[in-house]
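Results of the structural survey
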Amino acid sequence: VFQKWVNREISNFDYLIQLNTMAGRTYNDLAQYPVFPWILRDYTSEELDLNNPAVFRDLSKPIGVVNEKNAKTVREKYENFEDPLGIIDKFHYGTHYSNAAGVMHYLIRVEPFTTLHIQLQSGRFDCADRQFHSIPATWQALMDNPNDVKELIPEFFYFPEFLENQNGFNLGQLQMSKEMVNDVVLPKWAHSPEDFIYKHRKALESEYVSAHLHEWIDLIFGYKQRGPAAVEALNVFYYCTYEGAVDLDALTDEKERKALEGMINNFGQTPCQL
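What counts, and at which threshold
Residues numbered from 1 in each chain as written. Predicted model: local features only at pLDDT ≥ 70, side-chain atom pairs only at ≥ 80, totals over all residues. Heavy atoms only, no water. Helix = DSSP H or I, 4+ residues; strand = E, 2+ residues; numbered from the N terminus. Polar contact = N/O pair within 3.5 Å; in protein donor to acceptor, adjacent residues only side chain to side chain. Core = buried A, V, L, I, M, F, W, Y, C linked by side-chain atoms within 4.5 Å. Buried < 20%, exposed > 50% of the residue type's maximum accessible area, 1.4 Å probe, protein only. Contact = heavy atoms within 4.5 Å. Salt bridge = Lys/Arg side-chain N within 4 Å of Asp/Glu carboxyl O.

In the annotation of an unreviewed UniProt entry, the entry for the chain reads NBEL1 protein, and the organism field reads Polioptila caerulea.

Structure follows, in structure tokens:
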């Protein structure tokens, strides 16, 4: 697969799907859903210029520190963390770039995710301000908040329907602006959900991304995923998100085991290292 990708016989999209599959990710498990990168950082221009490197996200950095401002906070958190019991290793992020709640967050307008979201929120929609309601606002929140580290899901590159409230769900209204949450607000350069998907997919297959995608792959699937390289890259997540970090079979206490399983399922899981 790698050779095919290098020779440009398969697209960036296909390569990412294949890497996800090899690393144990699947559409059938929300806790291990395929993970895709944010690739743009320009959600405000009238036109999207894919020949300008400045419109792209820095793929060599974890999403939590793409904004240089957050790097200091993240580094200090890691350096100052001490678990008195010695169970929990130091980490940069207490949340994860891919978890079940995040998948439901993005896909809230389409079933079965709508129902799953409502079940997760004890029978109702989460408050409107926490809903996925705008692509520019979601990116801005990532830039402002080092604790929000959600990457994207593959649907952002092929599935315009998830951006439309075709079922007419009442998702509530935003506190500040009082506007109702309905279809997802798109970047200025996108004139419809289809146009967004078309341009976003084009961005994924662009020259810039083709040249830098391996840097992101190193962080998620490769050598910067754990160990000293991960520490240096500000890419260490909560200990139980890693494969093999917890030996569930060794836990004899049923309650403890259930609690840990729940934690792993909710927290998100780092893909198998390739």
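**Some thoughts on the side chain of glutamine 225**
Structurally, the position occupied by glutamine 225 is in the loop between helix H8 (207-220) and helix H9 (228-232). For glutamine 225, the side chain forms a polar contact with the side chain of arginine 226, separated by 3.4 Å.

**Here's the deal with the nonpolar core**
Side chains of a nonpolar character, in soluble globular proteins, are inclined to be buried together. In this structure, Leu40, Ile135, Phe156, Leu163 and Phe196 are the most contacted members of the largest nonpolar core, which totals 75 residues. For this core, the secondary-structure elements that each account for two or more residues are helix H2 (12-22), helix H3 (68-80), helix H4 (100-106), helix H6 (135-144), helix H7 (193-204), H8 and helix H10 (254-267). If one sorts the elements of this core by residue count, H8 sits on top with 6 residues. When near neighbours in sequence (up to four residues on either side) are disregarded, leucine 40 contacts Leu48, Leu50, Val55, Phe56, Arg57, Trp139, Trp189, His200 and Ala203.

**Some points on the side chain of aspartate 148**
The residue aspartate 148 is located in the loop between H6 and H7 in this model. Sequence-distant contacts of aspartate 148, that is, excluding residues within four places in its chain, are made with Ala141 and Leu142.

**Some words on the pattern of salt bridges**
Enumeration according to the criterion identifies 11 salt bridges in this entry. Among the salt bridges present, the one from lysine 61 reaches glutamate 68, with a minimum N-O distance of 3.0 Å. Overall, lysine 61 belongs to the partly exposed group, its relative accessible area being 26%. One salt bridge connects glutamate 205 with arginine 201, and the closest N-O pair in it is separated by 3.9 Å. Note on glutamate 205: relative accessible area 29%, which makes it partly exposed. Judged by its relative accessible area of 28%, arginine 201 falls in the partly exposed class. Each of the salt bridges in this network shares a partner with another, and the network as a whole consists of Asp58, Lys61 and Glu68.

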